[in-house]
Amino acid sequence: MINAHECDVLVVGAGPSGACTALNLLNHTDLSVTLIEGSDLQRLRIGESVSASIFSVLDYLQVPKSSFAPNCFTPTQGNSAFWGSDKSANRHAIFAPDRATFQVNREIFDLTLLENVLSRGGIVFPRTKSKTVTQLKDDRYLVEVSHPERGKFEIVCKYLVDASGRNSSLSKSLGASVTQYDRLTGVGAFYKTDTTLLEQIQLIESDEFGWWYSAALSDRILVVTYFSDFELISKMKLNRKQQWQNHLEKSEYMSRRIEGLHFIDDNLWIRPAGTHFNHFTHIKNYLPVGDAACAFDPISSMGLGFAMTSGCQVATIIGNSTSTNGFNTNSQTYQQDLARQFEQYLNLKLQFYNKEQRWSDVSFWAKRQQL
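Worth saying up front: this structure is predicted, and the values here are computed from it rather than measured.

J.: Which parts of the structure should I look at to understand the packing of aromatic side chains?
T.: Pairs of aromatic rings are described using the distance from one ring centre to the other and the angle between the two planes. Per the stated rule, a full pass over the model turns up 28 aromatic pairs. Taking the centre distance of 5.3 Å and the plane angle of 75° together, the rings of Phe 55 and Phe 102 count as edge-to-face. On the criterion of sequence distance, the pair formed by Phe 55 in helix H2 (residues 54-60) and Phe 102 in strand E7 (residues 101-104) is long-range, its members being 47 residues apart. Neither residue differs from the other here; Phe 55 and Phe 102 are each classed as buried.

Here is the structure:
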C-alpha cells in the first residue's frame, strides 16, 4: 500500500497531450507534476501522419527532432485518395495545402516524450487507473487510483488535467457537458510483410458505408482501418474478422495493397473516432486537453498536432494562474479558443465529406454533408 501522493498538477493520461502538458509545466514553472496512465505503454499504436510543423512544437518543448530515434519520423512517399472519384487524387490537393508529411512511429514518439518528462523531474505511474475523483473544500482534488500490483492509493493535487482521450470518463464524472456530433468508429488490423519492403504511402478509399485508410508504420508493418458509424459497423458485423475481411475484399484498391501480407494479430481493434466538444469552464481547477477537450474526425489529420498544442496551452494557463480568479478567466479564454478552432474544423469537415457525392443519399454520407 502506497501512502497518499501529493503534487501540484495531476495529468490523467500519458499520451502526447498529457506528456506535452507536463513538459511545458516542467520547463517553465516550479510546479510538481505527476502523470498516470492506464496502459503499460507497450501496445502497438496506429501511428499518424504529421506535417513538418510538428518540429517547431517539439523545439518549443525543448525536445528537438534529434532526440528521437531515426525511424520515428518517416517521410511519406505519396498520399493517394480514391475519394469522390474512381481516379486517384493526391490527398494534399484534396484535403490540405501541398506540404511535406511524415509518418510518426507513435511508440517511439510517446515513450521519448515520457522519458523527457522523467528526466525533468516529472513522475509517471504506468498501469495506474483513476477510480474516483473527489473535490475537497479547498478546491484540491483527491483521486483514488489503482495499480495491479501496488493496489489502491490516493493522489492529492491542486490542478487536474484530463488527457485521457475520447472515452474520458473523468470529464463526465466531474460534470462536464460533452456534445457528441457522431459515432464514427474505426475497426482495423495490423498486417506484416516478410519479404518485400512496404511503400511509404497513405491510401484512402471511400465506399458506400464509410472509408478505408492504410499507412505503413514501418518497412514491414501496415495498418488498415475501416471508418464507419458505430451502428453500421454493428449492423454489418464489421467488428468480426471474417465480415471485415469480406468487406475489405470488395474494395478495389485497398484489397490490392494487402496482397501477400498477413495479420500480425488475429483480433481486430475497435476505437471511437467520432467528433465531440467538451464544455468544462464551470469545473474548478480542471482542464481537458487533446481528445478529451475536442475530438476530430481522422480525415482532418488534426489529432496529434492539436493534442500537443492544447497541452502546451493548458500548461501556460496553469502556470499563469496565481489565483482562483486568474484560473477561471484563463479557463474561459481557453474554452473560447477551442470553440473557434472547433467551428473552423466543422466547416473543414463539411468540405471534406462534400467532395464525395457518389453516395450522398446513403445515411453515412448524408449526415456528414450538412452542419
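J.: So what exactly am I meant to see when it comes to the pattern of salt bridges here?
T.: Once their charged atoms are close, side chains differing in charge can pair, the charge on each being opposite to the other. Evaluation of the coordinates by the stated rule reveals 15 salt bridges. In this structure, the salt-bridge partner of Arg 140 is Glu 6, at a minimum N-O distance of 3.8 Å. A residue pair is termed long-range when its members are at least 10 positions apart, and Arg 140 in the loop between strand E9 (129-135) and strand E10 (141-147) and Glu 6 in strand E1 (residues 5-12) qualify at 134 residues. A relative accessible area of 29% places Arg 140 in the partly exposed class. Arg 358 is paired through a salt bridge with Asp 86; the nearest N and O atoms lie 2.8 Å apart. Here the residue Arg 358 occupies a position in the loop between helix H10 (324-354) and helix H11 (363-366), and Asp 86 occupies one in the loop between strand E5 (78-82) and strand E6 (89-90), the gap between them amounting to 272 residues. Judged by its relative accessible area of 32%, Arg 358 is partly exposed. Judged by its relative accessible area of 53%, Asp 86 falls in the exposed class. Each of Glu 6, Asp 138 and Arg 140 takes part in a single network of salt bridges with overlapping partners.

J.: Can you walk me through the sheet that holds strand E3 (residues 48-51) in this structure?
T.: For sheets, the rule is that strands pair by backbone hydrogen bonds, running either parallel or antiparallel. The three strands are arranged E3-E7-E4 in an open sheet whose pairing can be described as antiparallel. Strand pairing shows two members of the sheet lacking a second neighbour, E3 and strand E4 (73-75), which therefore form its edges. Going from strand to strand, the sheet's axes swing by 40° on average, the running direction of each strand aside.

J.: Is there a simple way to think about the state of the cysteines in this case?
T.: Simply put, the disulfide is a covalent bond whose two ends are the sulfur atoms of two cysteines. The tally for this structure, following the rule as stated, stands at zero disulfides. Distance from the sulfur of Cys 157, which forms no disulfide, to the nearest cysteine sulfur (Cys 7) is 5.3 Å. Look at Cys 157 and you get buried, because its relative accessible area is 1%. Considering cysteine sulfurs only, Cys 312 is the nearest to Cys 294, which forms no disulfide, with 16 Å between them.

J.: So what exactly am I meant to see when it comes to the nonpolar core here?
T.: A general feature of soluble globular proteins is that nonpolar side chains tend to end up buried together. Ranked by size, the top nonpolar core spans 70 residues in total, and within it Phe 73, Phe 109 and Leu 160 carry the most contacts. The biggest single contributor to this core is helix H9 (residues 303-320), with eight residues. Not counting residues up to four positions away in its chain, the partners in contact with Leu 160 are Leu 10, Val 12, Val 133, Tyr 141, Val 143, Leu 170, Leu 174, Asn 285, Tyr 286 and Leu 287. Counting residues in each nonpolar core, the second largest holds 22 residues, with Ala 81, Trp 211, Val 223 and Trp 359 among its members.

J.: What is the right way to read the packing of helix H1 (residues 16-28) against helix H4 (residues 106-119) from this model?
T.: Relative orientation and spacing of two packed helices are given, respectively, by the angle between their axes and the distance between those axes. It is at 9 Å that the axes of H1 and H4 come closest, and there the two elements cross at 25°. For the element pair H1 / H4, the angle class is roughly parallel. As H1 packs across H4, the resulting crossing turns out to be left-handed. Taking contact as the criterion, the partners of Pro 16, Ala 19, Cys 20, Ala 22, Leu 23 and Leu 26 in H1 are, on H4, Arg 106, Phe 109, Asp 110, Leu 113, Leu 114, Asn 116 and Val 117. Considering only residue class, the contact of H1 with H4 consists of ten nonpolar, one polar and two charged.

J.: Sorry, what's going on with the packing of H1 against H9 here?
T.: Here H1 crosses H9 at 35°, and the two axes come no closer than 7 Å. Handedness of the H1/H9 crossing: right-handed. Between H1 and H9, the residues in contact are Pro 16, Ser 17, Cys 20, Thr 21, Asn 24 and Leu 25 and Leu 304, Ala 307, Met 308, Gly 311, Cys 312, Val 314, Ala 315, Thr 316, Ile 318 and Gly 319, respectively. The class makeup of the residues in the contact of H1 with H9 is ten nonpolar, six polar and no charged.

J.: Explanation requested: the pairing of E9 in the structure shown.
T.: Look at any regular strand and the pattern is simple: side chains alternate between the two faces of the sheet. Across six bridges, E9 lies against E10 in antiparallel orientation. The residue of E10 that forms the bridge with Thr 132 is Glu 144. With antiparallel pairing between neighbouring strands as the criterion, E9 and E10 make up a hairpin whose turn holds five residues, including Asp 139 at a positive phi of roughly 75°.

Parameters at a glance
Residues numbered from 1 in each chain as written. Predicted model: local features only at pLDDT ≥ 70, side-chain atom pairs only at ≥ 80, totals over all residues. Heavy atoms only, no water. Phe/Tyr/Trp six-rings, centres within 6.5 Å; stacked < 30°, edge-to-face > 60°. Helix = DSSP H or I, 4+ residues; strand = E, 2+ residues; numbered from the N terminus. Buried < 20%, exposed > 50% of the residue type's maximum accessible area, 1.4 Å probe, protein only. Salt bridge = Lys/Arg side-chain N within 4 Å of Asp/Glu carboxyl O. Pairing = 2+ DSSP bridges. Axes fitted to C-alpha atoms, helices over the stretch in contact; angles between N-to-C directions. Disulfide = S-S within 2.5 Å. Core = buried A, V, L, I, M, F, W, Y, C linked by side-chain atoms within 4.5 Å. Contact = heavy atoms within 4.5 Å. Parallel < 35°, antiparallel > 145°, perpendicular 65-115°, else oblique. Left-handed = near helix turned anticlockwise from the far one by under 90°. Nonpolar A, V, L, I, M, F, W, Y, C, P; charged D, E, K, R; others polar.

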